[in-house]
Amino acid sequence: MLTHEQNERLTRIGPGTPMGNLMRRYWHPIAALAQMKERDTLPIKLLGEDLVLYRDLSGTYGLLEARCPHRSMSMVYGIPEKCGLRCPYHGWAFDEKGNCIEQPYEEAEDPDARFKDKVTTVAYDVAVLGGMIFGYLGPKPAPVLPKWDLFVMDNVVRDIGFSIVPCNWLQIMENSLDPVHVEWLHRYMLNYVLGNLGKTEKQQKV
């Protein structure tokens, strides 16, 4: 049985935590490519950070802090440009590296203004592979994204699914590695529920 201190150390994954620092050294799947076919931005919660995944008009993907550093406007409502994402509140635009590339009002007042060069937002690396979009939140340089066989094989059917599970990463991984629960929860409990509904397992599979 884990102590409270051990549990805290293993399950906290925010910035600066031991497990958070470890997990930030790996690529994480953050979305299916299909999710971005009919939208330009998508809110992402990863390793305790609120982020926005976006695709600009050139097809480049970016992963930025969820709120504009100017007035804290949600970048989920951002407007994609040829390069980067523009905040809808005052028009500040940021590229996929987190650099502020335009500040319309400030530049209109003073064409030589370089204040934008001093402004950045949090930005993370993004990669696309096997029908999924991955994010990397760790120190540079980012490691190579593993090109496992099912990610790169031709003529294969990929079925990508996801679910929001109200637990921490350790609980879901412990569940995945637990062979006993499969027999009881996914078989015995299922048969019990079906029996109460007057159904059989065979009928349920139709």
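Our subject is the structure listed above.
Definitions and cut-offs
- Residues numbered from 1 in each chain as written.
- Predicted model: local features only at pLDDT ≥ 70, side-chain atom pairs only at ≥ 80, totals over all residues.
- Heavy atoms only, no water.
- Phe/Tyr/Trp six-rings, centres within 6.5 Å; stacked < 30°, edge-to-face > 60°.
- Helix = DSSP H or I, 4+ residues; strand = E, 2+ residues; numbered from the N terminus.
- Buried < 20%, exposed > 50% of the residue type's maximum accessible area, 1.4 Å probe, protein only.
- Core = buried A, V, L, I, M, F, W, Y, C linked by side-chain atoms within 4.5 Å.
- Contact = heavy atoms within 4.5 Å.
- Pairing = 2+ DSSP bridges.
- Axes fitted to C-alpha atoms, helices over the stretch in contact; angles between N-to-C directions.
- Polar contact = N/O pair within 3.5 Å; in protein donor to acceptor, adjacent residues only side chain to side chain.

**Remarks on the packing of aromatic side chains**
Two aromatic rings, taken as a pair, are described by how far apart their centres are and by the angle between their planes. Across all of its chains, the model carries 5 aromatic pairs by this definition. Ring geometry for Trp92 and Phe115: centres 6.4 Å apart, planes at 70°, overall edge-to-face. Linking Trp92 in the loop between strand 6 (85-86) and strand 7 (93-94) with Phe115 in the loop between helix 3 (104-109) and strand 9 (123-129), this pair joins segments that are 23 residues apart in sequence. Given a relative accessible area of 4%, Trp92 falls into the buried group. The class of Phe115 is partly exposed, set by a relative accessible area of 42%. Taking the centre distance of 4.8 Å and the plane angle of 55° together, the rings of Trp184 and Tyr188 count as tilted. Highlighted residues: Trp184 and Tyr188, both in helix 6 (residues 180-196), separated by 4 residues, approximately one helical turn. In this structure Tyr188 comes out as exposed when scored by relative accessible area, which is 56%. An aromatic cluster is defined as three or more aromatic residues linked by ring pairs; in this entry it consists of Phe134, Trp148 and Phe151.

**Regarding the nonpolar core**
Looking at soluble globular proteins, one finds that nonpolar side chains tend to be buried together. Membership of the largest hydrophobic core comes to 17 residues, with the highest contact counts inside it found for Ile44, Leu53 and Leu63. Look past the residues within four positions of Leu63 in its chain and what remains in contact with it is Ile30, Ile44, Leu51, Val52, Leu53, Tyr54, Val122, Ala123, Tyr124, Val126, Gly135 and Leu137. If you look at the next biggest cluster of nonpolar residues, it comprises 13 residues, including Cys68, Met75, Phe94 and Cys100.

**Description of the environment of Phe134**
Relative to the assigned elements, Phe134 resides in strand 10 (residues 132-136). Sequence-wise, Phe134 and Trp27 are 107 residues apart; in three dimensions their C-alpha atoms are separated by 6.1 Å. Ignoring any residue separated from it by four or fewer positions in sequence, one finds Phe134 in contact with Trp27, His28, Pro29, Ile30, Asp125, Val126, Ala127, Leu129, Leu145 and Phe151.

**Topic: the sheet that holds strand 4 (residues 61-65)**
Taken in spatial order, the 6 strands make up an open sheet running 1-10-9-4-3-2, and their pairing is antiparallel. Only two strands of the sheet have a single neighbouring strand rather than two, namely strand 1 (27-32) and strand 2 (41-46). Ignoring which end each strand starts from, the neighbouring axes of this sheet average 30° apart. As paired strands, strand 1 and strand 10 are joined by 5 bridges and run antiparallel to one another. By the bridge assignment for strand 10, His28 is matched with Gly135.

**Looking at the pairing of strand 3 (residues 49-55)**
Taking burial as the measure, the 7 residues of strand 3 include 6 buried ones, the bulk of the element. Summarising the sheet, strand 2 and strand 3 pair through 6 bridges and their orientation is antiparallel. What sits directly across from Leu46, in strand 3, is Glu49. The turn joining strand 2 and strand 3, which pair antiparallel and follow one another in sequence, is formed by 2 residues; a positive phi near 50° is taken by Leu47.

**Notes on the environment of Arg86**
Structurally, Arg86 is set in strand 6. For Arg86 and Glu102, which are 16 residues apart along the polypeptide, the C-alpha to C-alpha distance reads 8.6 Å. Setting aside residues up to four positions removed in sequence, Arg86 forms contacts with Met75, Gly78, Ile79, Glu81, Gly91, Trp92, Ala93, Glu102 and Pro104. In this structure the side chain of Arg86 is engaged in a polar contact, spanning 2.5 Å, whose partner is the backbone oxygen of Gly91. Separated by 2.7 Å, the side chains of Arg86 and Glu102 make a polar contact.

**A short note on unusual backbone geometry**
Between Lys140 and the following residue, Pro141, the backbone shows a cis peptide bond with an omega angle of 0°. Relative to the elements of secondary structure, Pro141 occurs in the loop between strand 10 and helix 4 (149-152). The phi dihedral of Leu47 is positive, around 50°, even though this residue is not glycine. When you line up the elements, Leu47 lands in the loop between strand 2 and strand 3. Overall, Leu47 belongs to the buried group, its relative accessible area being 9%.

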